[in-house]
Amino acid sequence: MRTLSRNRAFGGVQGVHAHPSKVCDCEMTFGLFLPEEAEHGPVPLLWYLSGLTCTHENAMVKAGLQQWAAEWGLAVVFPDTSPRGSEVPDDPSYDLGQGAGFYVDATEAPWSSHFRMWSYLTEELPRVLTANFEIDELRQSIMGHSMGGHGALTLAMHHPDRFAAVSAFAPIANPTESDWGRKQFAAYLGEDEAAWRLHDASILMAERGFPGPVLIDQGTEDEFLELLRPEALASAMAARRQPGAFRMHRGYDHSYFFISSFAEEHVAFHAEALWGAEA
């Protein structure tokens, strides 16, 4: 692993690091904020998964999470959204290929050789983090935005023993019924829609739910509402009586202005779950 940058922030350190990934067969980059408490021992970890076209940098710079994470003594990791590089397959459209990994393990050519973001996030990157930084592997939580909200919700529901809580801003909530999902799942996972269902937050919520708290925030003026399908997830949460909250915010759109407006509440939501988790 090599460190690309380190900046002092809110008493802690915001770093950017790169490492060779066996899972994705390329170099992967991630941002990691460590609060001051990490100088003295392991700290809880909050995962932040970003949306379409983003790199590790977008949320790291724009979401404003470091200030609130520092107050609660939390680390925050900002993974990239896909493998990168000249040898990695890509597509001319913004919503497929590099920057659009959709947090799945691709099984179809040409994507399957590199696009293994599910395994990268659940297996490889956690090992890199705990081996190199003061991270408490037993206290972790996850959040995300848009495509990253989809990833956060699906990862949490598949790994309920790993994450104390899950939250999302404007998640792609029902990808099997949306052009933000069907196109990518067909490319990455093939035509068998049974495989797609395992990566649909609304279906997973209806079938299994999540044992911890859930927080979803959605703007009423989001320009992508028809693609996000928040009503499917809200209905699944209500039908299951899922503990948590689904909040619609009048006038907010899909941008980082929306995320930064409620970042403090999301970090506090995760901090309460993490500090209440058993060591």
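Residues numbered from 1 in each chain as written. Predicted model: local features only at pLDDT ≥ 70, side-chain atom pairs only at ≥ 80, totals over all residues. Heavy atoms only, no water.

Asker: Got a sec to walk through the pairing of strand β8 (residues 214-219)? Specific residues and values, please.
Answerer: Counting buried positions over the six residues of β8 gives six, a clear majority of the element. Side chains Val214, Ile216 and Gln218 project from β8 onto one buried face, and the interleaved Leu215, Asp217 and Gly219 project onto a second face that is buried too. Strand direction decides the pairing type here: strand β7 (residues 166-169) and β8, joined by four bridges, are parallel. Opposite phenylalanine 169, over in β8, you have aspartate 217 as the bridge partner. Taken together, the six bridges between β8 and strand β9 (residues 244-249) define a ladder with parallel strand orientation. Among the inter-strand pairings, glutamine 218 is bridged to a residue of β9, identified as methionine 248. (Buried < 20%, exposed > 50% of the residue type's maximum accessible area, 1.4 Å probe, protein only. Helix = DSSP H or I, 4+ residues; strand = E, 2+ residues; numbered from the N terminus. Pairing = 2+ DSSP bridges.)

Asker: Give a description of the sheet that holds strand β2 (residues 12-21) that names residues and reports values.
Answerer: Read across the open sheet, the nine strands follow the order β1-β2-β3-β5-β4-β6-β7-β8-β9; overall the sheet is mixed. Pairing within the sheet leaves two strands with one partner each, and these edge strands are β1 (2-9) and β9. Taking each pair of neighbouring strands and ignoring which way they run, the sheet shows an average axis angle of 20°. Inspection of the sheet shows β2 paired to strand β3 (residues 26-34) by nine bridges, in the antiparallel sense. Opposite glycine 15, over in β3, you have leucine 32 as the bridge partner. Sheet strands in contact with helix α10 (residues 256-276) are β4 (43-49), β6 (135-145), β7, β8 and β9, and its direction is about 180° off that of β7. (Axes fitted to C-alpha atoms, helices over the stretch in contact; angles between N-to-C directions. Contact = heavy atoms within 4.5 Å.)

Asker: Summarise the side chain of histidine 19; cite the residues concerned and give the values.
Answerer: With respect to the element layout, histidine 19 can be found in strand β2. A polar contact of 2.9 Å, which involves the side chain of histidine 19, links it to the side chain of tyrosine 120. Ignoring anything within four residues of it in the chain, the contact list for histidine 19 reads Met1, Cys26, Glu27, Met28, Phe30, Tyr120, Glu124, Leu125 and Val128. (Polar contact = N/O pair within 3.5 Å; in protein donor to acceptor, adjacent residues only side chain to side chain.)

Asker: Please provide a residue-by-residue account of the environment of leucine 65, values included.
Answerer: Within the fold, leucine 65 resides in helix α2 (residues 65-72). Distance from leucine 65 to tyrosine 48, taken between C-alpha atoms, is 9.4 Å for residues 17 residues apart in sequence. Non-local contacts of leucine 65, meaning those with residues more than four positions away in its chain, are made with Tyr48, Val76, Phe78, Met143, Ala263 and Val267.

Asker: How would you summarise the packing of aromatic side chains if you had to cite specific residues and measurements?
Answerer: Using the criterion set out here, one finds twelve aromatic pairs in the structure. Between the aromatic rings of tryptophan 111 and tyrosine 188, the centroid separation amounts to 5.5 Å while the plane-to-plane angle is 85°, which identifies the pairing as edge-to-face. Taken together, the residues span a long stretch of sequence, with tryptophan 111 in the loop between β5 (75-79) and α3 (117-132) and tyrosine 188 in helix α5 (residues 179-189) at a distance of 77 residues. The class of tyrosine 188 is buried, set by a relative accessible area of 0%. With 5.6 Å between their ring centres and 20° between their planes, phenylalanine 115 and tyrosine 188 make a pair best called stacked. Within this pair, whereas phenylalanine 115 is found in the loop between β5 and α3, its partner tyrosine 188 is found in helix α5, the two being separated by 73 residues in sequence. For the pair phenylalanine 115 and tyrosine 188, a shared accessibility class is recorded, and that class is buried. (Phe/Tyr/Trp six-rings, centres within 6.5 Å; stacked < 30°, edge-to-face > 60°.)

Asker: How would you sum up the pattern of salt bridges? Please name residues and give values.
Answerer: By the definition in use, this model includes eleven salt bridges. A salt bridge links arginine 2 to glutamate 27; the nearest nitrogen and oxygen atoms lie 2.9 Å apart. One end of the pair, arginine 2, is in strand β1; the other, glutamate 27, is in strand β3, with 25 residues separating them in the sequence. On the accessibility criterion, glutamate 27 (38% relative accessible area) is partly exposed. Here arginine 182 and glutamate 193 are joined by a salt bridge, their closest N and O atoms 2.8 Å apart. Here the residue arginine 182 occupies a position in helix α5, and glutamate 193 occupies one in helix α6 (residues 193-197), the gap between them amounting to eleven residues. With a relative accessible area of 31%, arginine 182 lands in the partly exposed category. For glutamate 193, a relative accessible area of 37% gives the class partly exposed. Salt bridges sharing partners connect three or more residues here, namely Asp217, Arg247 and Glu265. (Salt bridge = Lys/Arg side-chain N within 4 Å of Asp/Glu carboxyl O.)

Without other data, these values stay purely geometric and don't point to any function.
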